[in-house]
Amino acid sequence: MRDVTTAQTTVDLDVQPTPLALLLLGREADARSERGVECPGDLPSPSDPDLVERARAAKERLGDKVFVLGHHYQRDEVIQFADVTGDSFKLARDAAARPEAEYIVFCGVHFMAESADILTGDDQKVVLPDLAAGCSMADMATAEQVAECWDVLTEAGIAEQVVPVSYMNSSADIKAFTGKHGGTICTSSNAKRALDWAFEQGEKVLFLPDQHLGRNTAVRDMGMSLEDCVLYNPHKPNGGLTAEELRNAKMILWRGHCSVHGRFSIDSVDDVRERIPGVRVLVHPECKHEVVAAADEVGSTEYIIKALDAAPAGSKWAIGTELNLVRRLANAHPDKEIVFLDKTVCFCSTMNRIDLPHLVWTLESLAEGNLVNRIEVDRETEQFAKQALERMLALP
């Protein structure tokens, strides 16, 4: 038998990684990015049994100089140190209401810390315990892509009819674009009010960056049809749409979504109804339209919390939102059966980057007089982003 040897040839293609690839790998830093940057310094070991006491001691040393915000999707180990908890906008407003706090430690993600910086005083410093805690949804709309979209709308002859409405879950750059073009910000709680206002200002809305919240609000809450909505894909020429499609649309939805809420499916709903007779399905409006249509109730994070607080003992609920919150609600209501809508465990991976070692490192650094991981929005961006946020605050 003949011995056959296969030779392998290595070709040096001199391929250089792109800046984006390096950013996503955590090998580059970009203060304006939602993800992909590392924290300086050495973090304590996650197995350190003294982490809780170290966090408590550092927070006590700082006293009124620090105000810790905890988003509902945070881990229990982190949320225990929060002075207030809530959704992103509630927390940003809570921070603005504490002008005596020199340091605002935001246990959330990058865009939330940006919003807090926009709304707090110039002498206050907003800190994010892990700079890589970003938001995949916010990443799906960059300033360059949205500017190009506006050029497409201009070429189609409809830009003057379009009012941008941006979800709170967007970068400061996108909020500034919205403010500069006469638009407003919305939350999952007030999206209908924001859209009602926008349609009083113009004939069409460009909704950024979550397509599902925009579609669900337009169709479910405002009586539009699915045909009134078109999907703008920033990765295709002209968004993948013709000028005629843009002219005929009422809602121009950006092709973005939440990686957590986008996981829930009709199969998830059907399966839980089969497994738990009499269960009520309650989902967040960032879920897909078909999931929202099949649910019994739909509402924001705050709505979900209040609904379960008010629910009668013995009631059964399947919740379609982030798992940390669902677990916390189940533990808080042992008299009710509360389950996660999907069989697959799904945390918000970037939100979960804020862990106890990062929080301890942050608080101890601040207590020693070392400012770390400050989130600071530049003046011009802040000016226009604040205009958009103030329009939201003025909504009836």
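Residues numbered from 1 in each chain as written. Predicted model: local features only at pLDDT ≥ 70, side-chain atom pairs only at ≥ 80, totals over all residues. Heavy atoms only, no water.

*Asks:* Can you walk me through the overall build of the protein in this structure?
*Replies:* The helix and strand tally for the protein stands at 17 helices and 14 strands. Residue burial in the protein is summarised as follows: out of 396 residues, 55% are buried. Taking the contacts inside the protein whose residues are at least 6 apart along the sequence as the reference set, 66% of them involve residues at least 24 apart. Total accessible area on the protein stands at roughly 18200 Å², and carbon and sulfur atoms take up 47% of it. (Helix = DSSP H or I, 4+ residues; strand = E, 2+ residues; numbered from the N terminus. Buried < 20%, exposed > 50% of the residue type's maximum accessible area, 1.4 Å probe, protein only. Contact = heavy atoms within 4.5 Å. Areas by Shrake-Rupley, 256 points an atom, 1.4 Å probe, with all protein chains shown as cover.)

*Asks:* Would you explain the pattern of salt bridges in this entry?
*Replies:* The final tally for this structure, using the stated rule, is 19 salt bridges. Salt-bridge contacts for R56 lead to E53; the nearest nitrogen and oxygen are separated by 3.2 Å. Residue R56 and its partner E53 are located together in helix 2 (residues 51-62), separated by three residues, close to a single helical turn. With relative accessibility at 35%, the residue R56 sits in the partly exposed group. A salt bridge links D196 to K192; its shortest N-O distance comes to 2.9 Å. One end of the pair, D196, and the other, K192, are both in helix 9 (residues 191-201), four residues apart, so they sit about a helical turn from each other. With a relative accessible area of 30%, D196 lands in the partly exposed category. Where salt bridges share partners, they join D48, R54 and E364 into one cluster. (Salt bridge = Lys/Arg side-chain N within 4 Å of Asp/Glu carboxyl O.)

*Asks:* What exactly am I supposed to notice about the packing of aromatic side chains here?
*Replies:* How two aromatic rings sit relative to each other is set out by the distance from centre to centre and by the angle between their planes. Here the structure, examined in full by the defined rule, presents three aromatic pairs. For the ring pair W150 and F177, a centre distance of 5.6 Å and an interplane angle of 80° mean the geometry is edge-to-face. Placement of W150 in helix 7 (residues 143-155) and of F177 in helix 8 (residues 172-180) is noted, with a sequence separation of 27 residues between them. When its relative accessible area of 10% is taken as the criterion, F177 is described as buried. Between F264 and F340 the ring centres are 5.5 Å apart and the planes differ by 70°, which places this aromatic pair in the edge-to-face class. Of this pair, F264 sits in the loop between strand 9 (251-254) and helix 12 (266-275) while F340 sits in strand 13 (residues 337-340); the two residues are 76 residues apart in sequence, bridging distant segments of the chain. An identical accessibility class is assigned to F264 and F340; each is buried. (Phe/Tyr/Trp six-rings, centres within 6.5 Å; stacked < 30°, edge-to-face > 60°.)

*Asks:* Please explain the nonpolar core as it appears in this structure.
*Replies:* Across soluble globular proteins, you tend to see nonpolar side chains buried next to one another. V105, F207, M251, V283 and L363 are the most contacted members of the largest nonpolar core, which has 102 residues in total. The residues touching V283, leaving out its near neighbours within four places in the chain, are V291, V292, A295, E297, V298, G299, I304, G320 and L341. One finds C149, L153, A156 and V162 within the second-largest nonpolar core, a separate group that totals 21 residues. (Core = buried A, V, L, I, M, F, W, Y, C linked by side-chain atoms within 4.5 Å.)

*Asks:* I tried to follow the side chain of T178 on my own but got confused; where do I start?
*Replies:* On the secondary structure map, T178 appears in helix 8. Assessed through its relative accessible area of 0%, T178 is described here as buried. A polar contact of 2.8 Å, which involves the side chain of T178, links it to the backbone oxygen of I174. The residues contacting T178, other than those within four sequence positions of it, are P164, S166, G183, T184, I185, A388 and R391. (Polar contact = N/O pair within 3.5 Å; in protein donor to acceptor, adjacent residues only side chain to side chain.)

*Asks:* Teacher, can you tell me more about the packing of helix 9 against helix 10 (residues 211-221) here?
*Replies:* Geometrically, a packed helix pair is captured by the angle between its two axes and the distance between the axes. Relative orientation of the contacting elements helix 9 and helix 10 amounts to 80°, with a least axis distance of 10 Å. Between helix 9 and helix 10, the crossing angle belongs to the class labelled roughly perpendicular. Between helix 9 and helix 10, the contacting residues are A191, K192 and L195 on the first element and L213, T217, A218 and D221 on the second. A class-by-class count of the residues in the contact of helix 9 with helix 10 yields four nonpolar, one polar and two charged. (Axes fitted to C-alpha atoms, helices over the stretch in contact; angles between N-to-C directions. Parallel < 35°, antiparallel > 145°, perpendicular 65-115°, else oblique. Nonpolar A, V, L, I, M, F, W, Y, C, P; charged D, E, K, R; others polar.)

*Asks:* What's the story with the sheet that holds strand 14 (residues 374-375) in this structure? I'm lost.
*Replies:* The strands making up a sheet associate through backbone hydrogen bonding, with each pair oriented either parallel or antiparallel. The strand order 2-1-3-4-14 describes an open sheet built from five strands, whose pairing is mixed. The open sheet has two edge strands, strand 2 (84-86) and strand 14, and neither has a second partner. Note that strand 1 (residues 66-71) and strand 3 (residues 103-107) share five bridges and pair parallel. Of the residues in strand 3, the one forming a bridge with L69 is F106. (Pairing = 2+ DSSP bridges.)

*Asks:* Hey, could you run me through the environment of V152 in this one?
*Replies:* Within the secondary structure, V152 sits in helix 7. For V152, a relative accessible area of 10% corresponds to the buried category. Linking V152 and A243, residues 91 residues apart in sequence, is a C-alpha distance of 8.4 Å. In contact with V152, other than residues within four places in its own chain, are Y232, N238 and L246.

*Asks:* Would you mind going over the sheet that holds strand 9 with me for this structure?
*Replies:* Taking strand neighbours across the sheet as the criterion, the five strands line up as 6-5-7-9-8 in an open arrangement whose pairing is parallel. The sheet is open, and its two edges are formed by strand 6 (184-186) and strand 8 (229-232), each paired on a single side. Along the sheet, successive strands turn relative to each other by an average axial angle of 25°, direction set aside. Across three bridges, strand 7 (residues 204-208) lies against strand 9 in parallel orientation. Residue V205 lies in a different strand from strand 9, and its bridge partner there is M251. Sheet strands touched by helix 8: strand 5 (162-167), strand 6 and strand 7. Its angle to strand 5, the strand with the most contacts, is close to 150°.

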